[in-house]
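Structural features, examined
Read off the chains here:
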Amino acid sequence: MPKNKRPVPRKSATSPEVKDEQNTTELCALALDLSDGEANPDIVAAATRADLAQKAIEFQRLLRRLLTQGKDEVLYGAVELARDESVDGYRYLKNAIEEGAANLVLRREGAADIEIDAFAIPVFVHSQGGLDPAFDFQDSAAYDAVLDSLTAAGLESPKAKVVLVSHAYDLEEIERISYGQLHAMLREAANSLTEKKLTAAPALERSMSHGWTPTAFGPDDSAVEVRFLVGFALKRADDPFYQVPKSEKAADAYFARRADAYQQWTADFAPLVARCLGRGRGLDAALTLNFLYQDLFFGAREQALAEYATLQILATMNGAMAGHAPEQLSAIIAPTDIDDEMLLRVQLAAGATVLATADKPLDLTADLEVEVDDLRDALASIGLADISVALRFDADGNAVDVRPLG
């Protein structure tokens with residue numbers, strides 16, 4: 001498909017495959033139009049605004065249907081199509097799908113709307129020997145206390161009904177959960193929280209069916225692993241606890257209070273979360289936890305993946321620095337791409353000799369300056385001071401247009 005030419009939905013579909021293709025192009029085209037209108041609100045004519053309002057309705061209706069039907073091929077296909085057309089359109093569509101997959105509004109005649117969200121809490125677990133899956137969420141008293149704390153400590157509304165999955169997801173398990181599967185899990189959670197009888201939860205059970213990926217940690221190894229607490233919060237859509245004030249100052253204060261409550265929770269309840277996670281395989285069973293912020297499912301997963309990739313880069317650089325004085329070393333940070341995948345690369349050298357190279361994924365919508373600054377700070381934390389930035393790394397791995405990072 002030529003660049004800058006909008007996808008055109010087909011007018012008819014005669015098979016499920018063709019219908020899926022039509023839905024893919026339609027979802028993408030609507031997102032591109034809506035993102036354009038959002039980016040240029042002051043120059044949109046009244047007639048165009050009315051047209052965009054109708055398209056917004058069509059977009060949300062189509063998105064909800066595709067999520068309910070679990071049409072992952074269509075959803076991911078539309079995101080890839082938008083990625084090739086427009087950064088703004090890609091961002092708009094990706095955010096809308098992620099939010100739609102993690103949120104569901106239940107409307108009942110004569111009653112207030114009910115909303116349910118899927119959230120995740122990423123936690124980096126330091127242990128000796130790596131976590132032992134046999135002890136994952138085996139402490140029922142600790143589980144009950146952590147579940148109760150989510151509302152009592154102010155992470156969720158006191159009036160919300162919250163359920164926490166009694167399993168700590170590892171990185172591969174969490175990455176396997178697709179848009180459609182998460183939405184199915186959300187619906188299952190809504191049923192369990194609104195129905196008085198037990199209901200089947202095949203999507204939830206499938207999300208845990210693979211178990212943790214085996215690791216190669218020895219019993220004396222110091223291990224750092226990421227785990228995710230996954231939960232669902234059901235509440236009235238108009239619950240004041242979740243209403244963000246309109247003024248910027250009041251909104252900042254609101255989010256600051258939520259952040260403070262979360263930080264206090266991590267301090268108070270880390271021992272109980274550690275009991276839920278069990279123990280390491282080594283003789284020293286103690287766990288040390290470092291929490292990232294709670295967020296909707298995909299936001300939490302994205303921040304954890306980024307942090308984990310940074311830790312892997314630091315581990316690679318630390319290993320390569322052995323036997324060298326830090327002041328004798330230099331690092332270059334620059335974007336590159338491999339098979340159309342954008343990456344942020346760090347190259348460590350001693351003089352003209354390259355000692356190590358490590359990459360982390362770079363999303364198309366990421367702020368490159370912020371990403372570079374964060375990586376520079378991480379490298380500085382392990383003693384590297386001579387850090388430069390380049391325009392890019394070329395196909396041969398050479399840095400192009402290197403300059404000092406101020």
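Further up the page is the structure itself.
Residues numbered from 1 in each chain as written. Predicted model: local features only at pLDDT ≥ 70, side-chain atom pairs only at ≥ 80, totals over all residues. Heavy atoms only, no water.

**Here we look at the overall build of the protein chain**
- For the protein chain, the count of helices and strands is eleven helices and 13 strands.
- The C-alpha atoms of the protein chain give a radius of gyration of 24 Å, which matches the 22 Å a tight globule of 406 residues would have.
- Overall size of the protein chain, expressed as C-alpha extent along the three principal axes, is 70 × 60 × 50 Å.
- Expressed as a percentage of its 406 residues, the buried residues of the protein chain come to 43%.
- For the protein chain, long-range pairs separated by at least 24 residues make up 70% of all intrachain contacts whose partners lie at least 6 apart in sequence.
- Measuring between centres, the 40 positive side-chain charges of the protein chain sit 8 Å from its 65 negative side-chain charges. (Helix = DSSP H or I, 4+ residues; strand = E, 2+ residues; numbered from the N terminus. Rg over C-alpha atoms; globule rule 2.2 N^0.38 Å. Buried < 20%, exposed > 50% of the residue type's maximum accessible area, 1.4 Å probe, protein only. Contact = heavy atoms within 4.5 Å. Lys, Arg positive; Asp, Glu negative; His and termini not counted. Charge placed at Lys NZ, Arg CZ, Asp CG, Glu CD.)

**Examining the pattern of salt bridges**
- What the rule picks out here adds up to 17 salt bridges.
- Residues Arg107 and Asp113 are paired through a salt bridge, measuring 3.5 Å at the closest nitrogen-oxygen approach.
- Judged by its relative accessible area of 65%, Arg107 falls in the exposed class.
- Accessibility expressed as a relative area gives 28% for Asp113, which makes it partly exposed.
- Two residues, Asp117 and Lys235, come together in a salt bridge whose shortest N-O distance is 2.4 Å. Taken together, the positions of Asp117 in strand S2 (residues 114-128) and Lys235 in strand S4 (residues 222-236) put the pair 118 residues apart, joining distant regions of the chain.
- Residue class for Asp117 comes out buried when judged on its relative accessible area of 13%. (Salt bridge = Lys/Arg side-chain N within 4 Å of Asp/Glu carboxyl O.)

**Points about the pairing of strand S9 (residues 353-361)**
- Where strand S8 (residues 341-350) lies against S9, eight bridges are found, and the strand directions are antiparallel. Looking at S9, one finds that Gln347 is bridged to Thr357.
- Between S8 and S9, which pair antiparallel in sequence order, lie two residues; one of them, Gly351, sits at a positive phi of approximately 65 degrees. (Pairing = 2+ DSSP bridges.)

**Focus on helix H11 (residues 368-380)**
- For H11, spanning 13 residues, the distance from its first C-alpha to its last is 18 Å, which sits close to the expected 18 Å at 1.5 Å a residue.
- Its buried side turned inward, H11 meets helix H10 (297-321), strand S7 (329-338), S8 and strand S10 (387-389).
- Among the residues of H11, the N-terminal cap falls to Asp367, whose side-chain oxygen and the backbone nitrogen of Glu369 are separated by 3.1 Å. (Expected span 1.5 Å × (residues − 1). Polar contact = N/O pair within 3.5 Å; in protein donor to acceptor, adjacent residues only side chain to side chain.)

**Some remarks on the sheet that holds S8**
- An order of S9-S8-S7-S10-S13 is seen for the five strands of this open sheet, with the pairing classed as mixed. Each edge of the open sheet carries a strand with a single partner, namely S9 and strand S13 (403-404).
- Note that S10 and S13 share two bridges and pair antiparallel. Pairing of Ser388 across the sheet is with Pro404, part of S13.
- On the sheet, H10 packs against S7, S8 and S9 and is oriented at approximately 170 degrees with respect to S9. (Axes fitted to C-alpha atoms, helices over the stretch in contact; angles between N-to-C directions.)

**What to know about unusual backbone geometry**
- In this model, Phe137 sits at a positive phi of 50 degrees, which is unusual for a non-glycine residue.
- Among the secondary structure elements, Phe137 is positioned in the loop between S2 and helix H5 (140-152).
- Relative accessible area serves as the criterion here: at 11%, Phe137 is assigned to the buried category.

**Side note on helix H4 (residues 87-101)**
- An ideal rise of 1.5 Å per residue puts 21 Å on 15 residues; H4 measures up with 21 Å between its terminal C-alpha atoms.
- Of the residues making up H4, those classed as buried are Gly89, Tyr90, Tyr92, Leu93, Lys94, Ala96, Ile97, Glu98, Gly100 and Ala101.
- Sitting at the amino-terminal end of H4 is Ser86, which places a side-chain oxygen 3.3 Å from the backbone nitrogen of Asp88.

**Remarks on the packing of helix H3 (residues 72-85) against helix H7 (residues 179-194)**
- Between H3 and H7, the shortest axis-to-axis distance is 8 Å and the interhelical angle comes to 130 degrees. What the angle tells us is that H3 and H7 run oblique. Contacts between H3 and H7 involve Asp72, Leu75, Tyr76 and Val79 from the first element and Tyr179, Gly180 and Gln181 from the second.
- Classifying every residue of the contact of H3 with H7 gives four nonpolar, two polar and one charged. (Parallel < 35°, antiparallel > 145°, perpendicular 65-115°, else oblique. Nonpolar A, V, L, I, M, F, W, Y, C, P; charged D, E, K, R; others polar.)

**Focus: the packing of aromatic side chains**
- Scanning the model with the defined rule gives eleven aromatic pairs in all.
- Geometrically, the ring pair formed by Tyr76 and Tyr179 is stacked, given 4.3 Å between the ring centres and 10 degrees between the ring planes. Separated by 103 residues along the polypeptide, Tyr76 in helix H3 and Tyr179 in helix H7 bring together distant segments of the chain.
- Owing to a relative accessible area of 32%, Tyr76 belongs among the partly exposed residues under this scheme.
- One aromatic cluster is present, formed by Tyr262, Trp265, Phe269, Phe291 and Tyr293 through successive ring pairs.
- Of note, Lys235 hangs over the ring of Tyr242, and the distance from its end group to the ring centre comes to 4.5 Å.
- Lying over the aromatic face of Phe135, Arg279 brings its terminal NZ or CZ to 5.8 Å of the ring centre. (Phe/Tyr/Trp six-rings, centres within 6.5 Å; stacked < 30°, edge-to-face > 60°. Lys NZ or Arg CZ within 6 Å of the ring centre and 35° of its normal.)

**Quick notes on the packing of H5 against helix H9 (residues 248-277)**
- Where H5 meets H9, the closest approach of the two axes is 8 Å, and the angle between their N-to-C directions is 150 degrees. By the angle class used here, H5 and H9 are roughly antiparallel. Read as a crossing pair, H5 and H9 show a hand that is left-handed. Facing H5, whose interface residues are Ala141, Ala142, Tyr143, Ala145, Val146, Ser149 and Leu150, H9 presents Trp265, Phe269, Leu272, Val273, Arg275 and Cys276.
- Across the contact of H5 with H9, the residue classes break down as eleven nonpolar, one polar and one charged. (Left-handed = near helix turned anticlockwise from the far one by under 90°.)

On their own, these measurements won't tell you what the molecule is for.
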